[in-house]
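Below, each chain spelled out in residue letters.
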Amino acid sequence: MDALPIAPAKPAIPPAFFGETVTWVHHWTDRQFSFRCTRNPALRFVAGQFAMIGLMVDGKPLVRAYSMVSPPWDEELEFLSIKVQDGPLTSRLQHIQVGDTVLIGKKPTGTLLTENLLPGKTLWMVSTGTGLAPFMSLIREPEVYERYERVVLMHGVREVKELAYHDIIERELPEHEFLGEMVKGRLLYYPTVTREPFRTQGRVTTLLDSGKVCADLGLPPLSPEHDRVMLCGSEAMNADVKALLEARGFVEGSNSEPGTYVLEKAFVTK
Ligand code: A2P
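The shown structure was predicted, so the numbers you read here are calculated from the model rather than taken from an experiment.

(A) Looking closely at helix H4 (residues 166-175). Among all positions in H4, only His 166, Ile 169, Leu 173 and Pro 174 are buried. Buried residues of H4, seen end-on, are gathered within an arc of 135 degrees and therefore sit on one face of the element. Exposed side of H4, more than 90 degrees from the buried face: Arg 171, Glu 172 and Glu 175 are the residues found there. Elements that come into contact with the buried residues of H4 comprise helix H2 (133-138), strand S8 (150-157), helix H5 (180-183) and strand S9 (187-193).

Shown next as structure tokens:
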């Protein structure tokens, strides 16, 4: 009798992770892509959190912190990633295909949570590049609209084509069956581009510092009295916006004490 062919053994998933199946991959540009995967019903998270995500490489988990793009009520999980050709994880992750297995850490965490902010009127979400990810989850979380009168989402990128999720934010969300009414007129999207012509140009820092974004949106100048801010972007952007906010009297909040702004330090750069 012929021996049955033996399928190559799949590496065992380490206990700290769920092994999930990729269901969708979308390449925005040669620098950014998104993917969706199945979600173990036992995985619980709060909008704004991140989890350790990655692949088994040489029998070991290779993971990085990734914010969930999908809202907590979504059946699947979605992530937005950069692609770095010599990045240990993203050089591999960018080639994943539907049906592949990805590792999803069982313990999401993070600081970009509404409960880390004191009550306020306007919630500002300031992002650059893939720093948009946690805000995609937060803008689809009904609790955010219960806490704030309005939500401003700033997204700064180099080129227009890097405005990931642009259509979902601008077109699909206001028409959404359950979220549409909540979002209409209260979610103010402010994309900006630095390296080619666009209706809004310049770095998020410059636009905040000069007051242009407030003027454009018809809002009062940024103040810790009524504004709350969440930041997620490169280290340099986080540091620059942090300095700008602290000069205006904003105080950083954390999981132990709420403040008037919060920032995410865990951010994938490779
Ligand atoms: P710029 O084109 O002037 O560098 P990246 O793709 O490199 O992460 O950049 C995403 C966006 O973040 C770009 O528009 C970039 O502008 C902008 N950016 C880079 N550094 C900062 C910073 N320190 N503060 C604000 N925006 C920044």
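Text resumes after the structure shown.
(B) Broad picture of the UniProt feature "domain: FAD-binding FR-type" (unreviewed entry) in the protein. Following the UniProt record, one finds the feature "domain: FAD-binding FR-type" (unreviewed entry) at residues 15-115. Between the C-alpha atoms that bound residues 15-115 the distance is 30 Å, and the span itself is 4% helix and 44% strand.

(C) Looking closely at the nonpolar core. In this structure, Met 125, Ile 139, Leu 153 and Leu 187 are the most contacted members of the largest nonpolar core, which totals 33 residues. Those elements that place two or more of their residues in this core are strand S7 (122-128), H2, helix H3 (142-147), S8, H4, S9 and strand S10 (227-232). Each of domain 1 (17-105) and domain 2 (114-263) accounts for three or more of the residues forming this core. Counting 22 residues, the second-largest nonpolar core is a separate cluster that includes Met 154, Leu 208, Leu 219 and Val 241.

(D) Spotlight on the site of the ligand. Every residue lining the ligand is accounted for by Arg 31, Thr 128, Gly 156, Val 157, Arg 158, Thr 194, Arg 195, Arg 203, Thr 205, Ala 236, Met 237 and Asp 240. For the ligand, an oxygen atom lies 2.9 Å from a polar atom in the side chain of Arg 158. Within the side chain of Arg 203, a nitrogen or oxygen atom sits 2.9 Å from an oxygen atom of the ligand. Protein coverage of the free-state accessible area of the ligand, which is 560 Å², stands at 81%. Those elements that provide at least two residues to the shell around the ligand are S8 and helix H8 (235-247). Of all the elements, H8 adds the most residues to the shell around the ligand, at three residues. Split into classes, the residues belonging to the shell around the ligand amount to three nonpolar, four polar and five charged.

(E) Seen up close, the pairing of S10. Of all six residues in S10, six are buried, a share of seventy percent or more. Burial along S10 is two-sided: the face carrying Asp 227, Val 229 and Leu 231 and the face carrying Arg 228, Met 230 and Cys 232 are both buried. Where S7 lies against S10, six bridges are found, and the strand directions are parallel. Bridging across to S10, Ser 127 finds its partner in Cys 232. The pairing of S10 with strand S11 (residues 261-263) spans three bridges and is parallel. Counted as the bridge partner of Met 230 is Val 262 from S11. Remark: the S10/H8/S11 crossover connection has right-handed handedness.

(F) Up close: the sheet that holds S9. If you trace the five strands from one edge of the open sheet to the other, you get S9-S8-S7-S10-S11, paired in parallel fashion. The open sheet has two edge strands, S9 and S11, and neither has a second partner. Averaged over all pairs of adjacent strands, the angle between their axes in this sheet comes to 15 degrees, without regard to strand direction. Pairing of S8 with S9 involves seven bridges; the strand directions are parallel. The residue of S9 that forms the bridge with His 155 is Pro 191. This element, H4, spans S8 and S9 of the sheet and lies at about 150 degrees to S9. Sitting on the sheet, H8 is in contact with S7, S10 and S11, with an inclination near 165 degrees to S10.

Rules of the game
Residues numbered from 1 in each chain as written. Predicted model: local features only at pLDDT ≥ 70, side-chain atom pairs only at ≥ 80, totals over all residues. Heavy atoms only, no water. Buried < 20%, exposed > 50% of the residue type's maximum accessible area, 1.4 Å probe, protein only. Helix = DSSP H or I, 4+ residues; strand = E, 2+ residues; numbered from the N terminus. Arc of directions from axis to C-beta. Contact = heavy atoms within 4.5 Å. UniProt positions renumbered as here; feature names shortened; annotations may be inferred. Core = buried A, V, L, I, M, F, W, Y, C linked by side-chain atoms within 4.5 Å. Domains from an automatic or database assignment. Near = heavy atom within 4 Å. Polar contact = N/O pair within 3.5 Å; in protein donor to acceptor, adjacent residues only side chain to side chain. Areas by Shrake-Rupley, 256 points an atom, 1.4 Å probe, with all protein chains shown as cover. Nonpolar A, V, L, I, M, F, W, Y, C, P; charged D, E, K, R; others polar. Pairing = 2+ DSSP bridges. Right-handed = clockwise from strand over helix to strand, strands pointing away. Axes fitted to C-alpha atoms, helices over the stretch in contact; angles between N-to-C directions.

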